[in-house]
Amino acid sequence: MQVRQSKMDLHKEGDTGSAKQKKVKIVFVIGGPGSGKGTQCKRIAQQFGYTHLSVGEILRQETSSGSETGSMIQKIMKEGKLVPSDVTVRLLQQAMQGIDNDKFLIDGFPRDEENVKVFEDLTKMEPEFVLYLDCPQDEMEKRLLSRNEGREDDNIETIRKRFKVFVESTLPTIEYYESKGKIRKVDAGKSIDEVFESIKVIFSPGKDNKVPPSKHKCKCLIL
Ligand SMILES: Nc1ncnc2c1ncn2[C@@H]1O[C@H](COP(=O)(O)OP(=O)(O)OP(=O)(O)O)[C@@H](O)[C@H]1O
Ligand SMILES: Nc1ccn([C@@H]2O[C@H](COP(=O)(O)O)[C@@H](O)[C@H]2O)c(=O)n1
Ligand SMILES: [Mg+2]
C-alpha cells in the first residue's frame, strides 16, 4: 500500500507486495546531546545534496499537534527519555515519504537498539554508514547550556538524564554498527569548521571514507 507518490517510496507495515525498486541512500548521524549533529547536518545537506531530517525536531513538531501522541512525546522529552520506537519510526517514515530526494541524513537516530530493530523491520532498509560525532561530555554540557533556543530539555537536570541515556542506550548501537563496519567517527570536540573538514573527507567520493566502491552505491529496495 502506498501512501503518497514519491521518488522515495518506503515500506508501510503489511506492504510486502509489488516488485518496484527504489534507490535510497540513508546516513544516520549520532552523537551525544550537544555534540553538534544539527550544526554539522545543515552543512552536509547544503554541500552534498542530502535532505536533513532531525528526529528530535520531528518529535517536537508532533508535540504542537495537540494529539494524545504529542502530549505523550512532550512528557517523555521533558524527562530526557526515549519515545517508543514505533511512534518515532512511523513519524520518521511519514517525513521521508513527502520528500523527493534519494539521499537522507537522519539526525539523532538511532538512539537505542529498539530504534534499530523497528527501523529495519518497518522500512527494510539499512544506513549506508553511520556518522558518529564523538565529543567530550563537559564540552557538550557547556554547548547545551549556552544553546539558548528555548528547548524545554536544555536544563542541567534533563541534560544529565540525556547523557545517561546516551551512554546506556545509544552507545550499544554504535557497537552494533561498528561490528558491521559502518561507523565513521569524527572528533567533534573541535571547532565547527574543523569538525566539518573531517566530515567532508567522509562524504567526498574518492576520498578515504572507508566505504568500498561496490558498497558505496545506493541499495536497491524491493517494495
Ligand atoms: N564544534 C562546535 N564548537 C562549539 N559550539 C558548537 C559546535 N558545534 C555545535 N556547537 C553549538 O553547540 C550547540 C549544540 O549544537 P547542536 O544543536 O548542533 O547539537 P546536537 O548534537 O544537535 O544536540 P541535540 O542532541 O541536543 O539536538 C549549538 O548552540 C551549536 O551552535
Ligand atoms: N530517535 C530519537 C530521537 C530523539 N528522541 C527524543 O527527542 C529528544 C531530543 O532529541 P535531539 O536529537 O533533538 O536531541 C531526545 O532527548 C528524546 O527524548 C527520541 O526519543 N528518539
Ligand atoms: Mg540536534
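Thresholds applied
Residues numbered from 1 in each chain as written. Chains lettered and ligands numbered in written order. Predicted model: local features only at pLDDT ≥ 70, side-chain atom pairs only at ≥ 80, totals over all residues. Heavy atoms only, no water. UniProt positions renumbered as here; feature names shortened; annotations may be inferred. Near = heavy atom within 4 Å. Polar contact = N/O pair within 3.5 Å; in protein donor to acceptor, adjacent residues only side chain to side chain. Helix = DSSP H or I, 4+ residues; strand = E, 2+ residues; numbered from the N terminus. Nonpolar A, V, L, I, M, F, W, Y, C, P; charged D, E, K, R; others polar. Buried < 20%, exposed > 50% of the residue type's maximum accessible area, 1.4 Å probe, protein only. Contact = heavy atoms within 4.5 Å.

- If you look the protein up in an unreviewed UniProt entry, it shows as UMP-CMP kinase from Solanum pennellii.
- UniProt, in its Function (unreviewed entry) section for the protein, records the words "Catalyzes the phosphorylation of pyrimidine nucleoside monophosphates at the expense of ATP. Plays an important role in de novo pyrimidine nucleotide biosynthesis. Has preference for UMP and CMP as phosphate acceptors."

**Section: the site of ligand 1**
Part 1: As a structural note, the neighbourhood of ligand 1 is formed by 16 residues, with Lys-37, Thr-39, Arg-147, Arg-162 and Lys-190 the closest of them.
Part 2: Side-chain polar atom of Arg-143 to a nitrogen atom of ligand 1: 3.3 Å apart, as the coordinates give it.
Part 3: Per-element accounting of the shell around ligand 1 gives the leading share, 3 residues, to helix H1 (residues 37-48).
Part 4: Tallied by class, the residues present in the shell around ligand 1 amount to 3 nonpolar, 7 polar and 6 charged.

**A closer look at the UniProt feature "binding site: CMP" (unreviewed entry) in the protein**
Part 1: UniProt marks Asn-115 with the feature "binding site: CMP" (unreviewed entry), using the numbering shown here.
Part 2: The class of Asn-115 is buried, set by a relative accessible area of 5%.
Part 3: What Asn-115 contacts, discounting residues up to four positions off in sequence, is Ser-85, Val-89, Phe-109 and Pro-110.

**Digging into the site of ligand 2**
Part 1: In the region of ligand 2, 16 residues are neighbours, and Lys-81, Val-83, Arg-111, Asn-115 and Arg-151 sit closest.
Part 2: Contact between ligand 2 and Arg-151: an oxygen atom at 3.1 Å from a side-chain N or O atom of the residue.
Part 3: The element that contributes the greatest number of residues to the shell around ligand 2 is helix H2 (residues 55-63), accounting for 4 residues.
Part 4: When its residues are assigned to classes, the shell around ligand 2 shows 6 nonpolar, 4 polar and 6 charged.

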